[in-house]
Amino acid sequence: MGRRTLGVVMATLALAWGATSASAQAVRVGGQVSLADDADFGLGGRLGFELPSVAAGLWAVGTFDYFFPGDDLFGSGGDVDYWEVNGNFLYDIAIPDAQVTPYFGAGLNIAHVSRPVPAMPDDRDSDTKLGLNLIAGLNFDVTGFTPFVEVKIEIDGGEQFIAAGGITFP
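**Digging into the pairing of strand β3 (residues 58–68)**
Now for step 1: Here strand β2 (residues 40–50) pairs with β3 via 10 bridges, running antiparallel. The partner of glycine 45 across the bridge, within β3, is phenylalanine 64.
Now for step 2: Bridge analysis of β3 against strand β4 (residues 81–92) gives 10 bridges, and the strand direction is antiparallel. If you follow threonine 63 over to β4, its bridge partner there is asparagine 86.

So, in structure tokens, the structure goes:
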């Protein structure tokens, strides 16, 4: 990732953090397990801020996932490191007296892969890409914590379909 891209990402995150922390009414922190069509199995963390001053039911949600892909991902034939950082805006669809809250949203992903160079196994090649997320999911209302399941389509960046589930805590 170039310095300019990194600068834009850092400035965006700083502005988002300032806006969310100033107006956040609720915070959710938790973990998730992901299954991706290319990168296989992943584990990660999740942090969400409710944004009621912008719109009722709107959340700013950031995630980090470290994936454990097979050795043949991207044709490398070796040990591959793959992770993603995601920043999304998710909107809850309020259903009165329901135990489940559907949500949908969109955001950005930064996907990073590092793999051995086939001709030189001691050298590594890496690539970082920026992409768009489209997301739909369900939050389950349970006292003390919130289980969730979601699906995400990545356009550019990670370029994959991901199903995830986990638990967040208020």
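**Observations concerning empty space enclosed by the protein**
Now for step 1: A complete count under the given rule lists 3 cavities of 30 Å³ or more for this structure.
Now for step 2: Of the pockets and cavities examined, the largest cavity occupies roughly 120 Å³.
Now for step 3: In this structure, the largest cavity is lined by Arg28, Arg46, Leu47, Gly48, Trp59, Val61, Leu90, Asp92, Tyr103, Asn139, Phe148 and Thr168.
Now for step 4: Elements with a contribution of two residues or more to the lining of the largest cavity: β2, β3 and β4.
Now for step 5: Here the element with the most residues in the lining of the largest cavity is β2; it accounts for 3 residues.
Now for step 6: The class makeup of the residues in the lining of the largest cavity is 6 nonpolar, 3 polar and 3 charged.
Now for step 7: Lining the second largest cavity are Gln32, Ser34, Arg46, Thr63, Asp65, Glu150, Lys152, Ile162 and Ala164.
Now for step 8: Secondary-structure elements contributing two or more residues to the lining of the second largest cavity are β1 (27–36), β3, β7 (146–156) and β8 (161–169).
Now for step 9: Classifying every residue of the lining of the second largest cavity by side-chain character gives 2 nonpolar, 3 polar and 4 charged.

About the criteria used
- Residues numbered from 1 in each chain as written.
- Predicted model: local features only at pLDDT ≥ 70, side-chain atom pairs only at ≥ 80, totals over all residues.
- Heavy atoms only, no water.
- Pairing = 2+ DSSP bridges.
- Helix = DSSP H or I, 4+ residues; strand = E, 2+ residues; numbered from the N terminus.
- 1 Å grid on protein atoms, 1.4 Å probe; cavity = no way out; pocket = protein on both sides within 12 Å on 5 of 7 lines; lining within 4 Å.
- Points joined across faces, edges and corners; volume = space filled by probe spheres on them.
- Nonpolar A, V, L, I, M, F, W, Y, C, P; charged D, E, K, R; others polar.

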